[in-house]
Amino acid sequence: MTYSTGNLPPRQTSTLAGLCTRRLTACIVFAVALAACEKSGQRDMGTDTAPPEARTEAPIDNAATTYSLENWPALEPALPRDEKLEAHVADLLSRMTLEEKVGQMMQAEIKSITPDEVRQYHIGSILNGGGTFPNNDKFATPDDWRKLADAYFAASMDTSDGGVAIPIIWGSDAVHGHNNVIGATLFPHNIALGAARDPELIRRIGEATAREVAVTGVDWTFAPTIAVVRDDRWGRTFESYSEDPEIVAAYAREMIKGIQGDKNSDEFLDGRHLISAAKHFVGDGGTTRGIDRGDTAVSEQELANIHAAGYITALESGVQSVMASFNSWNGKRLHGHKYLLSDVLKGRLGFDGFVVGDWNGHRFVDGCTVDSCAAAVNAGLDMFMITSEWKALLKNTIAQVQSGEIPMSRIDDAVSRILRVKIRAGLFERDRPLAGKSGIMGSAEHRAIAREAVRKSLVLLKNNDQLLPIDARKKILVAGSGADNISKQSGGWTISWQGTGNTAEDFPGATSIYTGIKQAVDAAGGEVVLNEHGELDANAFSNGATPDVAIVVYGEDPYAEWHGDLASIEYQLGSKEDQELLQKLKARNIPVVSVFLSGRPLWVNKELNLSDAFVAAWLPGSEGAGVADVLLTDAEGHKRYDFTGRLSFSWPERVHQTVINRNDADYQPLFAYGYGLDYSSDVQLANNLNEDGESYVDGKLEDAWLMVSRPQAPWKLFIADGELPPLWVNGNLAHSADDNITVASIDMLSQEDARALSWKGLRAGSVVLQTQKPQNLSRYLDENAALTLDVRVDQAPESAVFAQIRCAGSNCGGSLPLHSALNDLPRGNWSEISIDLQCFADAGVDFSRVSQGLSLHSEGKLAIAVANIKFVPGAGDQAQIRCGS
């Protein structure tokens, strides 16, 4: 892998020809400066601004918007009114000061608040975000969690300042088990459970999860997610049970019962059963283009019938909290949507619990900042989920009540709801029968439930010549990057937020898929060899024999919200390492069983054509042996378990079928909703599925994402510093040997969704988005695309700066000067730069073989931040920088 433009001065590369060359710098300076002026009031990415995705949302005239509650069912509160409880709420409320009341409405992250601050400010709730642990220790024990929970509780009940004792409530994202805690049972993610078609299993998973959470002293789990996904490019698709509201509704009912206990029984919120949260209200799975936190542009009837289906059953089951969604509905943010939060949820649907926000989600509401948002409170938000700015938000909210901007009645309603739930859950009595108990976290009983769930969730898509089940007495090669990788099989929201950075040592008691296969083969007397790359020496198997079959386990690397959004549903777009592995095995005439790990259906026609059998294994979690239970026979050659899983998401036939759902008017999937083979099925799937991915067949050309939240496949981010070897930026921080160039993950709108780039100026160097294989992006040039990116200048350039695109082959590429443009941008604020791709073509780029999608090269000191780097079709004519062909 070479970086010629990182080693050669940019002035030696091709530049714009003719008129475009002579006018480019002035063009950039004028256009970018003009754009910055036009956007200065709306693109500043400080705490008082609207996000970039708001640019795509149509403004809503709230006064003219017509809603109808008749679209929603009329529900009574799930629990009968308890006069003794309500009197207790009223008594507490009457004795609380305004400061104490507003303190109850704050939920602060444990990294940003101490127990003493909970006591001082009368804070009502805390949470641990993904990747946050007690004492900042990833390996904190369950008892470490309990001790910290006890410290926060004791602080909240301290009345030494004369305040009212109100117990704090701790919430945690236990979304597939208590997934923040080392050693917990990790259940399959929701997409897998949807394929199991077993509501009773879902209830048992909820019960087991609640027990493990209760051990750590945590009171509340932010689960389940009951989104109904319509576009599988959404990075949270794996958190959804199905594209079909029927499954989501059935599962929501049972998961709430499992976590909280049956509302009509003594087990309800008994300390073994905890507070649940239905999330995210409402429409998070229906955003345009599957963009996380985007806009759901649907009718109210569709919102109610499809996207709210799980909320109806969750409310009927007595769910005690509902989390507001990041998304908008027809242009209006849910955190500030009074009609939906108050009129619909609390009114028409009879919800008497409380509404909690999502991670700083209130800041996206019009007129709000992260530390000030009266509009969210007035809309019906009862509790802010607030990170490091909680003190400022507390102070500002108190002031807004005092000024009359927030009515006191709204504060009393919010606090009453919070107190009602705390009393129902027994938090005042601190009745925690499982806290600190051993033998529950990661217990054999819970792991057995998880293993059962793995077996039931597997979907057999192809089994030509009935290759499966595999006789465990045979010689079996196990290959693929996911074969012995518990982190990969567990996916996002696993120990860390994105599920990244974990190793085998982080999963005590868990079983990889390979380990499960080996256990079954050893028990049956067969032979098994693990080689990730499918390479075998002559003595790998006894007598020098070749394997009878290869099981290849591969799929998506872990991701979670925001970072997991896709531009294309093609698996391994532009790289195809797994396809090459399958080709190598097929060339040796070894039958291939593909076990595909993914958080969504993806376009895998090429991989399907190379597989004799293909299993959608989703994200099975910690109990990988459940895969072997179904794939392999026992020692007598008899099947142990059959395939019972059925698709709860439609599987695409063509790469542009990004929106494909049951009951669509033009419904032509490769595998329909409900599809799934078993061992009695005699179905031959042709090995000539359409492999035309680059042309998108007859579909619309979508944006090419080079870096959106993170570098997107096939692009990887590198530092190319002079003559030094290229350095892959594989993490949150990277720098060259003497810190000449540094790349760090920073927050623009979400955690780690941008990169800060700095050059010391010791020598010229580049930060490069590079692909291993040249990409044919000529259609983007043909369709008048522009390169767009968000930029924030922190330190103006002292020397020349260039934007470069390179292509495979010698002297193939183009370089455009950027230093004047960057100098003219406002310091510390985000602005957008867009460049017509024709400018790069005129400079010498061959878009049929692009190897560097963008290189930012500086010859001196510079500090900038960048985000959302894309090729956008049709945007060339509106680009700030345009060039004729």
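Below you will find a few notes about this structure.

The rules we used
Residues numbered from 1 in each chain as written. Predicted model: local features only at pLDDT ≥ 70, side-chain atom pairs only at ≥ 80, totals over all residues. Heavy atoms only, no water. Pairing = 2+ DSSP bridges. Helix = DSSP H or I, 4+ residues; strand = E, 2+ residues; numbered from the N terminus. Contact = heavy atoms within 4.5 Å. Axes fitted to C-alpha atoms, helices over the stretch in contact; angles between N-to-C directions. Buried < 20%, exposed > 50% of the residue type's maximum accessible area, 1.4 Å probe, protein only. Arc of directions from axis to C-beta. Phe/Tyr/Trp six-rings, centres within 6.5 Å; stacked < 30°, edge-to-face > 60°. Lys NZ or Arg CZ within 6 Å of the ring centre and 35° of its normal. Salt bridge = Lys/Arg side-chain N within 4 Å of Asp/Glu carboxyl O. Parallel < 35°, antiparallel > 145°, perpendicular 65-115°, else oblique. Left-handed = near helix turned anticlockwise from the far one by under 90°. Nonpolar A, V, L, I, M, F, W, Y, C, P; charged D, E, K, R; others polar.

**Observations concerning the sheet that holds strand β10 (residues 354-356)**
- Ordered in space as β10-β7-β5-β4-β3-β2-β1-β11, the eight strands form an open sheet in which the pairing is parallel. The open sheet is flanked by β10 and β11 (384-386), the only strands paired with a single partner.
- As defined by bridge partners, strand β3 (residues 169-172) adjoins strand β4 (residues 220-221) across two bridges and the pair is classed as parallel. By the bridge assignment, S172 is partnered in β4 with T221.
- Seen against the sheet, helix α9 (residues 245-260) touches β4 and β5 (275-281) and runs at an angle of roughly 145 degrees to β5.

**Quick word on the pairing of strand β13 (residues 475-479)**
- Among the five residues of β13, four are classified as buried, and the element is accordingly described as predominantly covered.
- Of the pairings in the sheet, the one linking β13 to strand β14 (residues 527-530) comprises four bridges and is parallel in character. Across the sheet, residue L477 finds its bridge partner in β14, namely V529.
- Examined bridge by bridge, β13 and strand β15 (residues 549-555) share four bridges and lie parallel to one another. Paired with I476 across the strands is V549, a residue of β15.

**Some thoughts on the pairing of strand β7 (residues 321-324)**
- Of the two faces of β7, the one holding S321 and M323 and the one holding V322 and A324 are both buried throughout.
- Of the pairings in the sheet, the one linking β5 to β7 comprises four bridges and is parallel in character. If you follow A278 over to β7, its bridge partner there is V322.
- As paired strands, β7 and β10 are joined by three bridges and run parallel to one another.

**Brief notes about helix α19 (residues 577-587)**
- Along α19, the residues classified as buried are D578, Q579, L581, L582 and L585. Angular distribution of buried residues about the axis of α19 spans 160 degrees; they occupy a single face of the element.
- Packing partners of the buried residues in α19 comprise β13, β15, β16 (592-597) and α20 (605-609).

**Quick word on the sheet that holds strand β21 (residues 727-728)**
- Spatial ordering of the open sheet is given by β21-β20-β25-β30-β27-β28, a layout of six strands whose pairing is antiparallel. The open sheet has two edge strands, β21 and β28 (813-817), and neither has a second partner.
- Here strand β27 (residues 801-807) pairs with strand β30 (residues 850-858) via six bridges, running antiparallel. Each bridged residue has a counterpart across the sheet, and for V801 the counterpart in β30 is S858.

**A word on the packing of aromatic side chains**
- With the rule as written, the count across this model stands at 21 aromatic pairs.
- When the ring centre of Y673 is taken as reference, the NZ or CZ atom of R197 above it lies at 5.0 Å.
- A cation over an aromatic ring shows up here: R430 above the ring of F153, its NZ or CZ 4.3 Å from the ring centre.

**Describing the pattern of salt bridges**
- Summed over the entire model, instances satisfying the criterion amount to 60 salt bridges.
- The partner of D557 in a salt bridge is K488, and the shortest N-O contact between them spans 3.2 Å. A residue pair is termed long-range when its members are at least 10 positions apart, and D557 in the loop between β15 and α19 and K488 in helix α17 (residues 486-490) qualify at 69 residues.
- Of the residues examined, D557 reaches a relative accessible area of 52% and is grouped as exposed.

**Comments concerning the packing of helix α3 (residues 83-95) against helix α15 (residues 408-424)**
- Across the interface, α3 lies against α15 with an axial gap of 9 Å and an inter-helix angle of 130 degrees. What the angle tells us is that α3 and α15 run oblique. Crossing of α3 against α15: the hand is right-handed. Across the interface between the two elements, L85, E86, H88, V89, L92 and L93 of α3 pack against D412, V415, S416, L419, R420, I423 and R424 of α15.
- Of the residues contributing to the contact of α3 with α15, the split by class is seven nonpolar, two polar and four charged.

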